[in-house]
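# Observations on the three-dimensional arrangement
One letter stands for each residue in the lines below.
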Amino acid sequence: AQSVTQLGSHVSVSEGALVLLRCNYSSSVPPYLFWYVQYPNQGLQLLLKYTTGATLVKGINGFEAEFKKSETSFHLTKPSAHMSDAAEYFCAVSKGSNYKLTFGKGTLLTVNP
Amino acid sequence: NAGVTQTPKFRVLKTGQSMTLLCAQDMNHEYMYWYRQDPGMGLRLIHYSVGEGTTAKGEVPDGYNVSRLKKQNFLLGLESAAPSQTSVYFCASSYVNSPLHFGNGTRLTVT
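The structure reproduced in this document is the subject of the present report. (Residues numbered from 1 in each chain as written. Chains lettered and ligands numbered in written order. Predicted model: local features only at pLDDT ≥ 70, side-chain atom pairs only at ≥ 80, totals over all residues. Heavy atoms only, no water.)

Below, the discussion takes up the sheet that holds strand 3 (residues 19-26) of chain A. Residue and element names in this part refer to chain A. Reading across from one edge, 1-3-8-7-6 is the order of the 5 strands in this open sheet, with antiparallel pairing throughout. Since the sheet does not close on itself, it has two edges, and those belong to strand 1 (3-7) and strand 6 (56-58), each with one partner. Direction aside, neighbouring strands of the sheet carry axes that sit 20° apart on average. Examined bridge by bridge, strand 6 and strand 7 (residues 64-68) share 3 bridges and lie antiparallel to one another. Its bridge partner being in strand 7, K58 is matched across the sheet by E64. (Pairing = 2+ DSSP bridges. Helix = DSSP H or I, 4+ residues; strand = E, 2+ residues; numbered from the N terminus. Axes fitted to C-alpha atoms, helices over the stretch in contact; angles between N-to-C directions.)

Laid out in structure tokens, this is it:
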């Protein structure tokens, strides 16, 4: 079975500061990894995904994530936070090409002026 | 470009009542999914479908039934609602081997 652990249910940063949202996974097969963002009263939107190939993946809105197999991690970063980044972020894993996702519990990002 | 549309957006039920949530997608996606989202729990898969006429159980299927009679629609039914089914329900769809597209959710309260 696969699982996802997001460290920190709530992260608060100042505008312009580095954003780091942590995600660790377990999977019995090479995983596909995703980050989704959810704005209030909306569905989830895909930020970025890792399937195969380059381990540093770039997504929308200046976010990127690095797949580290040795650490079973897929942390999400953004060099400089913007007020519009305030939202809930979900890490997810699927077994290889099966897109039936297992989600983490989410991390709420607050950006302070 | 509607994408994934969920109906209704909000609903309040009394314990024991039944209802059906409708999900419609206009992207010709093969796969469709129903998730529930609860505070501090993330999203959990209820049921999913890999094509018209097929359905399968996800992580938390008890108390729910689904049908996929048409490729573009995926219905989620609650036969006898319970307070534990108070949640926000999300439908999603995808092509084979492609990321999920989500609807905006249905907020259900069971009293």
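The next subject is the state of the cysteines. Counted by the stated rule, this structure contains 2 disulfides over all chains. Note on cysteine connectivity: C23 of chain A is disulfide-linked to C91 of chain A, with sulfurs 2.0 Å apart. Here the disulfide of C23 of chain A and C91 of chain A is left-handed, its torsion about the S-S bond being about -65°. With C23 of chain A in strand 3 and C91 of chain A in strand 9 (residues 87-95), this residue pair connects regions lying 68 residues apart in the sequence. A disulfide bridge connects C23 of chain B with C91 of chain B, and the sulfur atoms are separated by 1.9 Å. The S-S bond linking C23 of chain B to C91 of chain B shows a torsion near -75°; that makes this disulfide left-handed. Taken together, the residues C23 of chain B in strand 3 (residues 19-25) and C91 of chain B in strand 9 (residues 87-94) connect sequence positions 68 residues apart. (Disulfide = S-S within 2.5 Å.)

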